[in-house]
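Report on the structure
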Amino acid sequence: MGQTRSIWWKIPGILIWMAAAGLAAYNFTSSVGLLAVLLGVLAAFAIAGQLDRLPIRLPRLWLISGATLGAVILLGILLRSSDTAAKLLGSAGVYTAAEFSLWLALPATLLTALLLSTTRYSLFLSIEASLLVGIFASVFAAHREGSLHRPYFITDRLLERNWDPLPFFLGFGAALGVLLVIWLLSRRSAKRTLLDPLILMAIIIGMFLALPDGKVRQLNAWAASGSGDEKRKAEQEKGGGGGSGKGGQKQQEKEQNGGRNQDPDPSNGSGGKNFPVAVVNLHDDYTPPYGMFYFRQDALSTWNGKRLIRDASQKLDTDVGVPFPAEAVEVPMRDRADTERQPNGKRLAHRMRTTVALMTPHSKPFALIDAAKFEPATNPDPKRFERAYKTESIVLDTDFSDLLHRPVGSEKWSPEVWQHYTQVPDDPRYRKIADEARQLLPPHLRGMVLAQALAIKFWLDKNTTYDLGVARPNDEADPVAGFLFGDRRGYCVHLAHSAAYLFRTIGLPSRVSVGYAVDARQRGSGSAVLIRNGDAHAWPEIYVKGLGWVVLDITPEKVATPPQQDKADPELQRMLGEMARQTPGSPKEENPPPGDGDVRKAIVETLQAMGRMLLPLAAMTLVALYMMKIWRRMEPRFCTEARLPVSAYRSALDSLADLGFRRGFGASREHFAESIAASAPEFDELTQIHLRHSLGAGNKPRSRAVYLALSRAVARKVANGVPFWRRAAGALHPLSWWKVS
Amino acid sequence: MASYPQTPVTPEPQSQAIHPLAAPYETAQILRRRLRVAIKGRDEVIDLIITALFADGHVLLEDYPGSGKTTLAKALGESVTDAEGQHIAPFRRVQFTPDLLPSDVSGVSIFDVSTSRFEFRPGPIFAHVLLADEINRTSPKVQSAMLEAMAEKQVTVDNHTYPLDAFFFVVATQNPRDLAGTYPLPVAQLDRFLFKINMDYIAREAEIDVLATRKVRRSPPAERLVTRDEVVDARAAMEEHVRVDPRVHTCLVDTARNLRAHKKVLQGLSTRSLVLMIPALQAVALLNGRDFVSSQDIEYLAPFVFSHRLVIAPGAGDTRTVVLECLKGPLEILTRSTMANVAPAQSPPALPSQPLGNGQNW
């Protein structure tokens, strides 16, 4: 506040600080304390305005403010423990008085010291700015991650009145921004112009850490309240879309929004980079007979007149309805018997355990098909993995060709369920294609429904082209028909839907599952399977009696776009698998709360790395500073004769600086010597010798001992009048010699 | 006024090899002692006047009537004697009034009936020390005559130029109040004065002392007189032997440039003022028993030498503050430069084994 400015310029600062202090104190004190805090802020500005030009040293200023605060705290303790005070004021009165004085003193002392410091050193301005931003950020940090209902103490009030909190927060943020800018302007002076970018940076970083990072998460509170089931679903779907690599949900959303069936790969936010989303450790050696590891996360079976969507009733497709497990959960719908054997003695399926470690947030767990059980697992490395869980899957040991004779569907199903899984658009062209496919079969197989399904698969394999680049128009009444009876160029979603429709046409229960599909060859000889976002997939499934949902995926012979160009790095796969296997140091961190965003994690990690680098650097700097200090002090002992007048004088100056005596800027050496000469006349002599050496015609030769004696006498005599702690502090100060000359 | 460390007055050293500055230093000390006996409580003004005398400059005292300026000038004049017994008066005082004519100061040619020739009768200006009292009360015509005498050390009457003595030293005064009917000296003329000294009332103790020593001070002091030649020689010796480091020149020029660039300063320092500053610095160093100019000398003298040469914007405050403000940076550079590891610019001369003045530092 160097220039005299109108009092009005102080108002933004006062308002901001009142808001900040009030918010900071809100959770810790009663309304009395809150009032005291606001008054304390006013008092701080008033005191700081009065003491603006007080020539008091900064350390002393902080010492005084700290001492005052300590005294008030002590007074509060005494007040609370004193009987007479209780008698006089009553216990409530005592409490109020103590509370009031404490919360008045806190801002009045500390803020005063801070405000006064900012007028001297611009560094404190950035400290003040970061403090302000920190306070606001910490209060509204709860609002992050899409937790719109937080912080409770604000939103509760708004929600009670049925108001939307969002405009409030936006308005609050905007007002805060405007106030901050005015506040910065009000503090501006020529000297601080350089520092402004720094302050601005601090503010921006603070805001960034406080703002939602784009990952809108599941709102547990909405679910708990039971209100707005639709909203919750919408949020969940959004959650899937915002996260990376959940193809099914994403394309489903896309379908709902625009009808353009889209594989997640080309459209995900990472610009096509194929990043790992999870690693699955297989507990046994297993290679699927159909050559792909399918990880099912969700299933689409309800035909809504246009396409297949997730079953809204939650009664069907219960095998994908399991949330992240807090304890061991058996998957409800399971029809696959792991003990059943084929006529030739080979087993049909067996149980296998896997451990899944997720690297990106997922809204639902996925498992190797068919999931039988989900169990929680300890996150081996919370910094790297979002969460981990164990699954038990009943995996097929047999090829589809061995199943052809089997019936389809389940005897437990009601006609409604049958209807649900076989509902298709009323379009004769599907029947036509199904018939065409059936004609491919040898006559003895044409009666078998699964053989017909296989024929449809082969027909689709032959007659479609895999092409990621297609765009289907948004307004098609039946997007699948547009694909199947059009150019037949499309990708997994189109293919899966076409297959499912055709299967349903021949009365075969069918659905589309979404999740990840990884080439079995990628596993190599290791036990880890790395899943990347490019592995997101949708595939058709059919229901085989006794086996449940079985994959019958379409693999077009004609490929316009290779589905996955870059191979997963086996080293990375192995390494991540190893990491996922490790047990963490602290078992407490099982199922950590949904982690913070990647960006923030990255910032924290960067800061930690910087800290690790800075610490040795700081230590080295400190050592160098001490060495410099010692060198300057010892130099007169071994410097050349010609340099003695300089080095002995400098040595004495350093000792004086240690004791807190420094020459002021622009003051002459004689002037400084005069102030010291009272306690150490030798300094005057040393000064004269030095000046004569430098500005005059030189000195008569003196022995080194004379110089050393003079220098030492100065240090000793001046030190006599200095308290011990000051001497010790000076001796330990690594920078006391800085700018001494 | 800035306090200046008073160098203890020490007895004459028993010199074996004479330092070239020993005699000038002694001369200065004698003058100082004599003047301090005559005038109490004006030690700083005395030092400044001796400095100006040695630097061959003139001083302008701005003070109130009865503050001892006549006593001071008279004591200075009476401390000087002519070795060869010349007819130059040691001290003259001219009260400047509006009706004063240049000839009243410089002298006039008078027709001598006996020789039938015009003969020049020197005016009061032909003295060693001239007190020009209330110089701003006289007309510019007289002022400019005075100023010629001060700058050129010569007087021109009837188109004939008469030289003044080399010693010639002017102490001019003006009253800071009571300005009605005056002809204030323009800055160009103020530039001729080395110092403008604003005198304040003296300290309480000193004033009591003035009253107490009223009688004693009337009797001539015990100190011996200083000859005119001693002072003139001292000027030469000082110029020769008091070392002025090139960094001092840099400091002065930088200060002047700072002042010229200062937004409150309407007219900055002339180069002449910097040139005049050098002998003044040397004189002050000598007076303090040093044979080199130090940053302290600059810090001390700059306000006296520079303040009255500046024209600062109305309402900008004190010129002294502005000067000190502009001096700080260059002075800090000069002070810090002594730490630089450079050998003395010139090899030390043959120094006397015995110390001079207050001692150890010679």
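Refer to the structure above for everything that follows.
The structure reproduced in this document is the subject of the present report.

Each helix and strand counted, chain A has 24 helices and 16 strands in total. Expressed as a percentage of contacts within chain A between residues at least 6 apart in sequence, the contacts between residues at least 24 apart total 75%.

With that settled, consider the pattern of salt bridges. As enumerated under the stated definition, the model contains 47 salt bridges over all chains in all. Note that Arg511(A) is salt-bridged to Asp319(A), the shortest N-O span being 2.9 Å. With Arg511(A) in strand 12 (residues 510-519) and Asp319(A) in the loop between strand 4 (308-309) and strand 5 (329-330), the pair connects residues that are 192 residues apart, well separated along the chain. Of the two residues, Arg511(A) and Asp319(A), both sit in the buried class. Notably, a salt bridge pairs Asp47(B) with Arg32(B), separated by 2.9 Å at the nearest N-O pair. Linking Asp47(B) in helix 2 (residues 43-54) with Arg32(B) in helix 1 (residues 22-38), this pair joins segments that are 15 residues apart in sequence. Judged by its relative accessible area of 4%, Asp47(B) falls in the buried class. We classify Arg32(B) as buried; its relative accessible area is 1%. Ionic contacts of the salt-bridge type, sharing partners, join the residues Arg296(A), Asp317(A), Asp319(A), Asp370(A), Arg511(A) and Glu541(A) into one network.

So, about the sheet that holds strand 3 (residues 89-95) of chain B. Residue and element names in this part refer to chain B. The sheet built from five strands is open, its strands ordered 3-6-9-1-10 with parallel pairing. Across the chains shown, the open sheet's two edge strands, defined by having one partner strand only, are strand 3 and strand 10 (195-198). The sheet shows a mean angle of 15° between the axes of neighbouring strands, taken without regard to direction. Pairing of strand 6 (residues 127-133) with strand 9 (residues 169-174) involves four bridges; the strand directions are parallel. When the sheet's bridge partners are listed, Ala132 is paired in strand 9 with Ala172. Of the strands in this sheet, strand 1 (59-62), strand 9 and strand 10 touch helix 2, which is tilted by about 170° from strand 10.

It is worth spelling out the sheet that holds strand 11 (residues 489-490) of chain A at this point. All names here are of chain A. The strand order across the open sheet built from three strands is 11-10-16, with neighbouring strands paired in parallel fashion. Strands at the two margins of the open sheet, each flanked by one partner only, are strand 11 and strand 16 (558-559). Sheet topology places strand 10 (residues 465-466) next to strand 16; two bridges connect them, and they run parallel. Within strand 16, the position partnered with Tyr466 by the bridge is Val559.

With that settled, the discussion passes to the interface of chain A and chain B. Buried accessible area, meaning the area lost when the parts come together, often serves as the stated size of an interface. In this complex, chain A contributes 30 residues to the contact, which on the side of chain B involves 33 residues. Summed over both partners, the interface of chain A with chain B comes to about 2,900 Å²; 52% of that surface belongs to carbon and sulfur atoms. The largest per-residue losses of area from chain A upon contact with chain B belong to Arg692(A), Leu695(A) and Ala697(A), which jointly make up 25% of the total buried on that side. Counting across the chain A and chain B interface gives two salt bridges.

Moving on, we get to a nonpolar patch on the surface. Among the surface-exposed residues, Leu607(A), Met610(A), Leu614(A), Leu617(A) and Met620(A) lie close enough to one another that they form a single nonpolar patch of about 510 Å² accessible area. Within the element layout of this structure, Leu614(A) appears in helix 19 (residues 598-638).

Okay, the environment of Ile73(A) next. Residue and element names in this part refer to chain A. By secondary structure assignment, the location of Ile73 is in helix 3 (residues 58-81). Exposure remark for Ile73: the relative accessible area of 36% places this residue in the partly exposed category. Between the C-alpha atom of Ile73 and that of Ser101, which follows or precedes it by 28 residues, the distance is 8.2 Å.

This part is about helix 15 (residues 449-463) of chain A. All names here are of chain A. With 15 residues, helix 15 extends 21 Å between its outermost C-alpha atoms, agreeing within 8% with the 21 Å of an ideal straight helix rising 1.5 Å per residue. Here helix 15 lies mainly inside the structure; 11 of its 15 residues are buried. Among the residues of helix 15, Leu450, Ala451, Gln452, Ala453, Leu454, Ala455, Ile456, Lys457, Trp459, Leu460 and Asp461 are the ones counted as buried. Buried residues belonging to helix 15 abut helix 14 (428-438), helix 16 (479-484), helix 17 (492-505) and strand 14 (536-544).

Moving on, we get to the side chain of Glu635(A). Residues and elements named next belong to chain A. By secondary structure assignment, the location of Glu635 is in helix 19. Residue Glu635 is classed as buried on the basis of its relative accessible area, which comes to 5%. A distance of 2.6 Å separates a polar atom in the side chain of Glu635 from a polar atom in the side chain of Arg643.

What follows deals with the nonpolar core. Residue and element names in this part refer to chain B. Formed by 77 residues in total, the largest nonpolar core has its most connected members in Phe54, Phe195, Leu301 and Phe306. Counting residues per element, this core draws most heavily on helix 11 (residues 271-287), at 10 residues. Looking at which domains feed residues into this core, each of domain 1 (19-230) and domain 2 (242-340) supplies at least three. When residues no more than four places from it in sequence are discounted, the contact partners of Leu301 are Leu48, Phe195, Met277, Ala280, Leu281 and Val284.

The rules behind the values
- Residues numbered from 1 in each chain as written.
- Chains lettered and ligands numbered in written order.
- Predicted model: local features only at pLDDT ≥ 70, side-chain atom pairs only at ≥ 80, totals over all residues.
- Heavy atoms only, no water.
- Helix = DSSP H or I, 4+ residues; strand = E, 2+ residues; numbered from the N terminus.
- Contact = heavy atoms within 4.5 Å.
- Salt bridge = Lys/Arg side-chain N within 4 Å of Asp/Glu carboxyl O.
- Buried < 20%, exposed > 50% of the residue type's maximum accessible area, 1.4 Å probe, protein only.
- Pairing = 2+ DSSP bridges.
- Axes fitted to C-alpha atoms, helices over the stretch in contact; angles between N-to-C directions.
- Buried area = accessible area lost by both parts, 1.4 Å probe.
- Patch = residues over 30% accessible without salt bridge, like charges linked within 9 Å, V, L, I, M, F, W, Y side chains within 5 Å.
- Areas by Shrake-Rupley, 256 points an atom, 1.4 Å probe, with all protein chains shown as cover.
- Expected span 1.5 Å × (residues − 1).
- Polar contact = N/O pair within 3.5 Å; in protein donor to acceptor, adjacent residues only side chain to side chain.
- Core = buried A, V, L, I, M, F, W, Y, C linked by side-chain atoms within 4.5 Å.
- Domains from an automatic or database assignment.

Spatial relationships are all this shows, so hold off on functional conclusions.
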